[in-house]
Amino acid sequence: EIDGKHEAASVSCGAVNSCIVSRDGFIFLCGENRSGQIFRAPLGTKVYLLCCCGPDVTWVGMPRLDQDPQGGGGIPGTFVVQSACSDASVYALCGNGLVFAWGSGSSGQLGVGGSRRVLKVPSKIPWVKNAKSISAHHSSAAVVTRDGKVFTFGSNKFGQLG
């Protein structure tokens, strides 16, 4: 159990953050917050407590500051099934095939267009639909869709986007 109530289903670890996804669709975050990865904590702090969002929050009512117009929020029934962490970004794959991203976007790795420095709250990647798997590393990320297509985004400094 994670917090005495939720059973862990999967975990992902980045350079300075970890995410735990529970069997009932919550995502628990811990680690550093210098780029807004732990979106409910003050920026620039090291956070060792877990903060979570999930089916009862469904991204609804979360602050919309620094969030793209097509960002997260207002989507009932959105529960997390997988997470991915990069150096300073976090990704959440939801059961309905949507993907949310937040944290550092300096290389376009948040997938929301351009090179946003920081998104402090989960923002829907507007062009991703029917995702079944996500992965992230350093300043790039990848999505596999249910029909077998692969999409990569972020830094391509070493040809890692394919």
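See the structure above.
Report follows, based on the coordinates.

Parameters and conventions
Residues numbered from 1 in each chain as written. Predicted model: local features only at pLDDT ≥ 70, side-chain atom pairs only at ≥ 80, totals over all residues. Heavy atoms only, no water. Buried < 20%, exposed > 50% of the residue type's maximum accessible area, 1.4 Å probe, protein only. Helix = DSSP H or I, 4+ residues; strand = E, 2+ residues; numbered from the N terminus. Pairing = 2+ DSSP bridges. Polar contact = N/O pair within 3.5 Å; in protein donor to acceptor, adjacent residues only side chain to side chain. Axes fitted to C-alpha atoms, helices over the stretch in contact; angles between N-to-C directions. Salt bridge = Lys/Arg side-chain N within 4 Å of Asp/Glu carboxyl O. Core = buried A, V, L, I, M, F, W, Y, C linked by side-chain atoms within 4.5 Å. Contact = heavy atoms within 4.5 Å.

Here we look at the pairing of strand S3 (residues 27-32)
Regular strands have side chains that alternate between both faces of the sheet.
Phase 1: Of all 6 residues in S3, 5 are buried; the element is thus mostly enclosed.
Phase 2: Hairpin connection from strand S2 (residues 17-22) to S3: 4 residues lie between these consecutive antiparallel strands, with glycine 25 at a positive phi of about 90°.

As for the side chain of serine 155
Phase 1: Mapped onto the fold, serine 155 is located in the segment after strand S11 (150-154).
Phase 2: Using a relative accessible area of 15% as the deciding quantity, one classes serine 155 as buried.
Phase 3: A polar contact of 3.3 Å, which involves the side chain of serine 155, links it to the backbone nitrogen of lysine 157.

Section: the sheet that holds strand S5 (residues 80-85)
Phase 1: A sheet is described by the order of its strands in space; here 4 strands give the open sequence S5-S6-S7-S8, paired in antiparallel fashion. The sheet is open, and its two borders are formed by S5 and strand S8 (118-124), each paired with just one other strand. Going from strand to strand, the sheet's axes swing by 10° on average, the running direction of each strand aside.
Phase 2: In this sheet, S8 lies alongside strand S7 (residues 99-104) in antiparallel orientation, the contact comprising 4 bridges. Bridging from a neighbouring strand, alanine 101 pairs with serine 123 of S8.

Looking at the pattern of salt bridges
Phase 1: Overall, the coordinates contain 2 salt bridges when judged by the stated rule.
Phase 2: Measuring nitrogen to oxygen at the nearest pair gives 2.8 Å for the salt bridge that ties glutamate 7 to arginine 23. Taken as a pair, glutamate 7 in the segment before strand S1 (8-13) and arginine 23 in the loop between S2 and S3 lie far apart in primary sequence, 16 residues in all.
Phase 3: Glutamate 7 gets classed as partly exposed once you look at its relative accessible area, which sits at 45%.
Phase 4: The closest approach of N and O atoms between lysine 149 and aspartate 147, which form a salt bridge, is 3.8 Å.
Phase 5: Residue aspartate 147 is classed as exposed on the basis of its relative accessible area, which comes to 55%.

Quick notes on the nonpolar core
The tendency in soluble globular proteins is for nonpolar side chains to be buried as a group.
Phase 1: Membership of the largest hydrophobic core comes to 16 residues, with the highest contact counts inside it found for Tyr91, Val99 and Ile134.
Phase 2: When residues in this core are grouped by element, the largest group, 3 residues, is from strand S9 (residues 131-137).
Phase 3: Setting aside residues no more than four positions away along its own chain, valine 99 makes contact with Ala92, Leu93, Ser123, Lys124, Ile125, Val128, Ala131 and Ile134.
Phase 4: In this structure, Ile27, Cys85, Cys94 and Leu98 belong to the second largest nonpolar core, which totals 13 residues.

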